[in-house]
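Observations on chain architecture
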Amino acid sequence: MKLTFWRLLPVIVFAFLVVFFWRGLSLDPQKLPSVQVGQPLPEFKLPILKDQTKNLTPANLRGKISLLNVWASWCSACIEEQVFLIQLAQQGMPIYGLNYKDDSAKAAQWLVQWGNPYRLIGTDKTGKVAIDLGVYGAPETFLIDKHGIIRFRHVGVLDEKSWTQDFIPQIESLQGQP
Amino acid sequence: MRLLLLSFLLIVTSFSYANSRYPLDTPRQEAQFSHLLKELRCLVCQNQDLADSNAGLANDLRDQVYDMVKEGKSDNEIINYLTARYGDFILFNPPVKALTALLWFGPALFLLLGFIIFWRTCLKRTII
Amino acid sequence: MIAEIGLFSLILALVFASLLVIIPAIGLKTGKTELIDSAPIYVIGQFCFVAFAYVALTLCFLSNDFTVIYVLTNSSISLPWFYKLCAVWGGHEGSMLLWVAILSLWMLAVTLFSKKLENQFKTRVLIVLGALSVGFILFLLSTSNPFLRQFQVLDSQGRDLNPLLQDLGFLFHPPMLYMGYVGFSVAFAFAIAALWMGKLESNWTKWTRPWTLAAWCCLTAGITLGSWWAYRELGWGGWWFWDPVENASFMPWLVGTALIHSLAVSEQRRQFMAWTLLLAITAFSLSLIGTFLVRSGVLTSVHAFAVDPQRGTYILGFLLLVIGGSLLLFALRAQTLQRVENPALVSRESALLLNNVFLAVIMLTVLMGTVYPLLIDGLGLGKLSVGAPYFNAVFVPIMIPLLILMGLGIHLKWQRDSLNRIAIRLIAIAAMSIVVPLMLLILFANHINGYTLLGLTLAFWLILSTLKLLQIRIRQRGVNALGQAFLGMVVAHCGIAVTVIGIAVSTGYGVQDDVRMAPGSKAKLAGYTINFIEEKNLSGPNYHGAQATFTIDNGKEIKTIYPEKRIYNVGKMAMTESAIDVNPFRDIYVALGEPLDDTAWSVRLYFKPFIRWIWAGGFMVLAGGLLALTDRRYLINPGKKPVEAEGAPI
């Protein structure tokens, strides 16, 4: 039966593959985790949407746990998360916006139409700051702790499910810390 | 036939990404630029490299790489800059680390296995 | 109403497929021949009802029935009618229905063309195919029903077919591919039937060969068309990206090629039966794995269908049953089938075996590269990506010895030969293969590109060696005694060489430029002057945009081409329709990129020498396969003894 090992090899290789295919079904290859988790926000200075003479910097986010949400008026998926973001804002969650490669007039109009959950919005017209953050699309949402350190990055529409699964546990453990 | 001759005679240089939109000072920089664009992935269209992709982000990243090449930064510096922000995923060519050892040595392993099977089949002149 | 008829037809098809599995199986067990003989009836029934279902879905598209969700999401009122026909397979549910329809078609063909095949065996083949059908139709009905209705959105224009698919290539590429993928199920069924019976009929290879060749030809056509289509349509000059879905089609093709060659040995020399069976199982298994990869969402791909883990789970379960089951059956039963002496180290059999080893190594390498990101992510080790640079880096070094072997192996005799005997005729050819390309490059190019030279050397080696064999055979036996199968081999192998030439020259001597151009400006590319003449507004049936007029001037004549930038009205998706000036020796390719300020555009220009040779070679391979397929000797009397060994063509 010496040959049986060779004859069984294809089945074994296949079984191995199946295990990983099975694992793969619960993963999502499109969503990349941020490599900057645990690092402070990069330095940036973005003109604020409502008042272009003032700037949004990491300092604005310090002192509290907050969200930095990347959005644009050309991003149709961003509309989907707007209701949820407004809910979070009403519950007291500080949300800052990064208006990504957008026209300011269109952005302002979009907020009128779909609602504004943001305390402040920085306009990143060229997308350079987004690159520094490792952003690769819209919408994305970053969880920032009170020291300005990036704790988590969510890709895609922010909904109840990912909020409960990914954000709340992090926020609770962060609140316990100095 | 004349067309063939003409076509060949008019070949200027080997595969190059001569880029009038991204003019660079030296051929070395041009080579560096086109090389890097082929090594980096477009994260939006995840199976295209920065040279080929038409996505907005690809445009921005191309501009970024262009600026850095123009400044005279080395391949390593540019790659580190991008992987610090996007992780190893932005590299099309997985780095040869322990993690990718199987990937790079795998083909050789398969070939070895194949040769062993071939040898055993042809050298064993007996009934199975 | 039509949708419901379609759904009902599908259910009836499932009934017939189930009967096909159950009734003849009972007949085999109990020995009742009427039950065994009833198999063809169920096949016909299944085919008819699947066909009805398919026609029903097509009618829903043609009548713009947007209450059918699938039609709503894949079509629009303004979509031209011929694209509506294609849109049927534009999404997951419809393409699965196409898969089932094609499977039923193959089954019908097997039933009609196997009248002389021994009943016990034939019935098992049909039962296996029936079981596959049950699995797929059940998949359709439970997770991918194309006939689902919605009644909320009643005044829609339709969400339109993805603009990338609104192209001629889409008419041919998917059906051809599916014909290939699904066609391998026939060879698979033949293998399983043999293992099930526990014995191999002496003419098993004769029967399996045409079906395998037919499926392989379709897949060759499908892959070639896909590559050509990507080049035309994607706007950025590439023709192969090692995208997971492309790899999913390439792997069965590689194994199918190995299978054809293994069948040749099994037929002529009654050897390698176990290999042939394993390859037959593997080819179709890879088709199934490909289906899984594309439809489950485990891998990122530009081709991937909408993700649904539920579908992925079903397919995975199906894979486990079908592939796991057949490989297990193989492990348990295969050794009972081979009882022949092994070939000598230098012989045509060993050369073919080595050929298959190389093909298998390439397939395993592509498989590993494709699923590696999944492996790493699954182990929790992070996100990794494997792209074209990796595949090109590992593919090329393996191809080199394979191409050399191809030129060598065809000269070897069956059973035992010596390298010395053929060395004399081949050394001169080897020398010419290096010298001639070198001279050509010196004459016609102003510098030597190493990769191109290597590619040309290998291609010349292959062509000259193959033609040399042709010459020897004609001298030995005369033109009329050559046999179509042999000629098929000659044409197919030369086709590979032609493709290698196309790849080597276009990659080595291609030129690319990104320029900023406005109407009135010009650019220079590889000795051509490209003029941007003007830009006009463009309005099509379901799109609008800009059409530019460009001329290409080589000093002797001027050609005019019209690249476009289209914005599809419904999805607001922007598409580049590149314009290509084609001639057999080079393409000049102009694609509009992004509009820049005022009237300027960023324009991408390509000079691609010999790129058409890539697909010309692919079609030559197809032609070779068709020649071999239609060799009368193998078709009319498949029951006859194999042709004598010495000097027999492949």
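So, how was this worked out
- Residues numbered from 1 in each chain as written.
- Chains lettered and ligands numbered in written order.
- Predicted model: local features only at pLDDT ≥ 70, side-chain atom pairs only at ≥ 80, totals over all residues.
- Helix = DSSP H or I, 4+ residues; strand = E, 2+ residues; numbered from the N terminus.
- Buried ≥ 20, exposed ≤ 12 C-beta atoms within 10 Å, placed from the backbone.
- Contact = placed C-beta atoms within 7 Å.
- Core = buried A, V, L, I, M, F, W, Y, C linked by C-beta atoms within 7 Å.
- Nonpolar A, V, L, I, M, F, W, Y, C, P; charged D, E, K, R; others polar.
- Pairing = 2+ DSSP bridges.
- Axes fitted to C-alpha atoms, helices over the stretch in contact; angles between N-to-C directions.
- Parallel < 35°, antiparallel > 145°, perpendicular 65-115°, else oblique.
- Left-handed = near helix turned anticlockwise from the far one by under 90°.

Attention now goes to the overall build of chain B. Along its length, chain B carries five helices and one strand. Starting at the N terminus and walking to the C terminus, you meet the elements of chain B as α-β-α-α-α-α. Split into buried and exposed, the 128 residues of chain B put 37% on the buried side. Summarising the internal contacts of chain B: among those between residues at least 6 apart in sequence, 40% fall at separations of at least 24.

Here we come to the nonpolar core. Residues and elements named next belong to chain C. Membership of the largest hydrophobic core comes to 286 residues, with the highest contact counts inside it found for Ala 187, Phe 190 and Leu 277. Sort the elements by how many residues they give to this core and helix H13 (residues 348–378) lands first, with 19 residues. Apart from the residues lying within four places of it in its own chain, the contact partners of Leu 277 are Ala 191, Ala 194, Leu 195, Phe 330 and Ala 334.

Below, the discussion takes up the interface of chain B and chain A. At the junction of the two partners, chain B supplies 11 residues and chain A supplies 10 residues. A total of five residues in the side of chain B that touches chain A trace back to one element, the largest contributor, which is helix H3 (residues 56–70) of chain B. Looking at side-chain class alone, the side of chain B that touches chain A contains six nonpolar, three polar and two charged residues.

Residue and element names in this part refer to chain A. Ordered by their spatial adjacency, five strands build an open sheet running E5-E4-E3-E6-E7, and the pairing between neighbours is mixed. Edge positions in the open sheet fall to strand E5 (120–124) and strand E7 (150–155), since each of these has one partner strand only. Taking each pair of neighbouring strands and ignoring which way they run, the sheet shows an average axis angle of 20°. The sheet contact formed by strand E3 (residues 66–71) and strand E6 (residues 140–144) spans five bridges and is antiparallel. When the bridges of E6 are listed, Leu 67 appears paired with Leu 143. Here helix H6 (residues 160–175) sits on the sheet and contacts E6 and E7; the angle it forms with E7, its principal contact strand, is near 175°.

The packing of two helices is summarised by the inter-axis angle and the distance between the axes. Residues and elements named next belong to chain C. Following both chains from N to C, one finds helix H7 (residues 119–143) and helix H12 (residues 309–333) inclined at 165°, their axes separated by 11 Å at the closest point. In terms of orientation, H7 lies roughly antiparallel with respect to H12. In the packing of H7 onto H12, the handedness of the crossing is right-handed. Side by side, H7 and H12 meet where Gly 135, Phe 139 and Thr 143 of the first sit next to Gln 310, Arg 311, Tyr 314 and Phe 318 of the second.

So, about the pairing of strand E9 (residues 586–595) of chain C. Residue and element names in this part refer to chain C. Taken across its 10 residues, E9 has eight buried, putting it largely inside the fold. With five bridges joining them, strand E8 (residues 579–583) and E9 adopt antiparallel strand pairing. The residue of E9 that forms the bridge with Val 582 is Asp 587. Linking E8 to E9, which pair antiparallel, is a turn of two residues. Bridge count between E9 and strand E10 (residues 601–609): eight bridges; the pairing is antiparallel. Following the sheet pairing, Tyr 589 is matched in E10 by Tyr 606. Hairpin connection, E9 to E10: the antiparallel pair is bridged by five residues, and Asp 598 has positive phi, about 40°.

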